Amino acid sequence: MSARDNQVFDAVVRRIAAGDYIDEVPSNRLAPLRPALPAAVAEAEKMAGRSLPSLLRRLYLEVGNGGFGPGYGLLGLRDGHRIGGINALTGLKSGVLTLCDWGCGISSELDLADGQIWGCDPNPAPHGVSSAFPQHMTIVDWFAKWVEGTLYQPWLVQDLTTGEWRGATDTEYTEMVEEASGPG
């Protein structure tokens, strides 16, 4: 693992130790974390045809088989954290690992071929427009932003200038939340 991977790993562990370690679940309803079995990680890597990124692999093996992180928590591998019957292996045969469910059909996914995070927001997408879009970050960036409190759920928006559909920028997300919540 790189020095940055180790820094982010340590920051995730500190956030978990502090308590509220799933954004959308009250702390009094959090289940204890149990690391994934090495066989579960090996199964995921075999299905994907490649190794998981080192930070993600270490988090699964040393911290928990999902059950922490953004949205409703990092989805687990076999016998790990699930949401609505879905775990991280759903869709893995196509080389995409589902990371978390944000609610309302919105998810974050990791393309294991290039290491990029993709958002999926099917809610505003008109017919014929893909609900998936690149988020221009790696798994290390994703967890670093979560620890810093600057990771936002994927949000598909239509660019007012070009008319193209794309993922919202952090600035757009902040502006939309402020507009929806009103002044003050």
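Since the structure is predicted, the reported quantities are computational estimates derived from the model, not experimental observations.

Student: Residue-level account of the sheet that holds strand β1 (residues 96-103), with values.
Tutor: Strand order in this open sheet of 4 strands is β1-β2-β3-β4, and the pairing throughout is antiparallel. Both edges of this open sheet fall to β1 and β4 (132-134), since each of them pairs with a single strand only. Across this sheet, the average inter-strand angle for adjacent strands is 25°, counted without regard to direction. When β1 meets strand β2 (residues 106-111), the two strands line up antiparallel, connected through 6 bridges. Note that in β2 the partner of C100 across the bridge is S108.

Student: Account for helix α3 (residues 54-62), naming residues and giving values.
Tutor: All buried positions along α3 are accounted for by L55, L56, L59 and Y60. Projected down its long axis, α3 shows its buried positions confined to an angular sector of 130°, all on one face. Of the surrounding secondary structure, the elements contacted by the buried residues of α3 are α1 (3-18), α2 (38-48), β1, β2 and α4 (139-148).

Student: So, the layout of surface pockets: which residues are in play, and what are the values?
Tutor: Estimated volume of the largest pocket: approximately 280 Å³. R34, N65, D79, G80 and H81 are, among the 20 residues lining the largest pocket, the residues nearest its centre. The space that makes up the second largest pocket amounts to roughly 180 Å³. In terms of lining, the second largest pocket is formed by 17 residues, of which the most central are Q135, M137, A168, T169 and D170. Going through the elements one at a time, β4 and α5 (170-181) are the ones with two or more residues in the lining of the second largest pocket. Looking at side-chain class alone, the lining of the second largest pocket contains 9 nonpolar, 6 polar and 2 charged residues.

Here is what the cut-offs are and how they apply
- Residues numbered from 1 in each chain as written.
- Predicted model: local features only at pLDDT ≥ 70, side-chain atom pairs only at ≥ 80, totals over all residues.
- Heavy atoms only, no water.
- Pairing = 2+ DSSP bridges.
- Helix = DSSP H or I, 4+ residues; strand = E, 2+ residues; numbered from the N terminus.
- Axes fitted to C-alpha atoms, helices over the stretch in contact; angles between N-to-C directions.
- Buried < 20%, exposed > 50% of the residue type's maximum accessible area, 1.4 Å probe, protein only.
- Arc of directions from axis to C-beta.
- Contact = heavy atoms within 4.5 Å.
- 1 Å grid on protein atoms, 1.4 Å probe; cavity = no way out; pocket = protein on both sides within 12 Å on 5 of 7 lines; lining within 4 Å.
- Points joined across faces, edges and corners; volume = space filled by probe spheres on them.
- Nonpolar A, V, L, I, M, F, W, Y, C, P; charged D, E, K, R; others polar.

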